[in-house]
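Single-letter residue listing:
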Amino acid sequence: MSRQTRNPPRPHAGKRRPHGSFRSTQGDDGPLHLYGLHTVEAAFANRARKRIRLLATENAVRRLAERGVTPDVPVEIVSPRQLDQLVGRDAVHQGAVLEAWPLPPLGAKDLGRARLVLALDQVTDPHNVGAILRSAVALAADAVVTTERHAPEEGPVLAKSASGALDMIRHVRVKNMARFIAEMREEGFRCVALDSAGPARLEETELGEKTVLVLGSEGKGVRQGVREACDTLARLDMPGELASLNVSNAAVLALYVTRAKMGL
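Residues numbered from 1 in each chain as written. Predicted model: local features only at pLDDT ≥ 70, side-chain atom pairs only at ≥ 80, totals over all residues. Heavy atoms only, no water.

A word on unusual backbone geometry
Link 1 in the chain: The backbone of glutamine 122 sits at a positive phi, close to 60°, despite the residue not being glycine.
Link 2 in the chain: Counting through the fold element by element, glutamine 122 comes out in the loop between strand 6 (116–121) and helix 4 (126–138).
Link 3 in the chain: Of note, serine 163 is a non-glycine position whose phi angle comes to about 50°, a positive value.
Link 4 in the chain: With respect to the helices, strands and loops of the structure, serine 163 is situated in the loop between helix 5 (156–162) and strand 8 (170–174).
Link 5 in the chain: Given a relative accessible area of 21%, serine 163 falls into the partly exposed group. (Helix = DSSP H or I, 4+ residues; strand = E, 2+ residues; numbered from the N terminus. Buried < 20%, exposed > 50% of the residue type's maximum accessible area, 1.4 Å probe, protein only.)

This is the structure we're talking about:
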């Protein structure tokens with residue numbers, strides 16, 4: 001049974017990181033704080049997530065129990081103000097903060113049984129990446145791939161934006177996206193980069209039994225070396241007056257079209 005106490009949490013004397021993420025003094029690989037009911041619920045359901053302690057209000061503990069969450073770590077009952085001090089007043093923590101370790105790293109070797117993979121080439125905004133992770137779960141993609149550099153690290157803002165999806169889908173981080181694409185092609189994947197200069201619409205583009213969709217950052221798009229590593233380019237044509245979509249919206253549409261074409 002989880003231990004409950006009314007002692008206030010002792011905030012770590014760590015430093016604030018970009019986008020509001022927070023790690024302890026144990027370094028970049030140290031514990032992090034995940035907040036929000038959906039995020040915390042998903043973290044408890046993920047066997048790969050190593051959890052340390054739950055900091056929550058009495059109301060949040062009841063709401064988590066209603067969702068079927070039985071904490072397997074110590075539970076410390078705290079006030080909303082104490083959580084504000086821990087993760088920042090702007091963080092929508094909903095009364096629940098889970099201290100946990102980052103998920104174990106995954107690589108291309110972990111995608112052997114995948115059929116639909118979404119790769120993000122230097123998409124840097126954690127809110128966009130979080131939204132894409134959530135859409136990827138909703139549309140039953142097998143994994144989301146990001147670069148180790150010029151992409152958000154795992155942290156509270158990314159996890160909150162994903163609304164639990166970070167703990168529900170394989171998130172692979174690679175050093176070199178072009179090399180990753182080449183490895184996936186060797187494994188029988190057909191790799192398609194979305195680009196406004198694509199020779200055909202995605203709906204008309206040949207896909208394989210296993211497909212990697214590659215999206216680039218807003219503004220720069222997919223980098224040239226990554227485009228050249230792919231089998232082909234495809235475009236998303238918009239019928240309205242605005243010809244382009246936010247990258248998270250483009251990801252939803254691309255996944256939907258691809259699933260339909262692959263018969264998934």
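Some words on helix 3 (residues 80–87)
Link 1 in the chain: Among the residues making up helix 3, those that are buried are Leu83, Leu86 and Val87. Burial along helix 3 is one-sided: seen end-on, the buried residues are contained in an arc of 75°. Away from its buried face by more than 90 degrees, helix 3 exposes Arg81 and Gln85. (Arc of directions from axis to C-beta.)

Some points on the pairing of strand 9 (residues 190–194)
Link 1 in the chain: Of all the five residues making up strand 9, four are buried; the element is thus mostly covered by neighbouring parts of the structure.
Link 2 in the chain: Bridge count between strand 9 and strand 10 (residues 211–216): four bridges; the pairing is parallel. Paired with valine 192 across the bridge in strand 10 is leucine 213.
Link 3 in the chain: Where strand 9 and strand 11 (residues 232–234) come together, three bridges link them in parallel fashion. (Pairing = 2+ DSSP bridges.)

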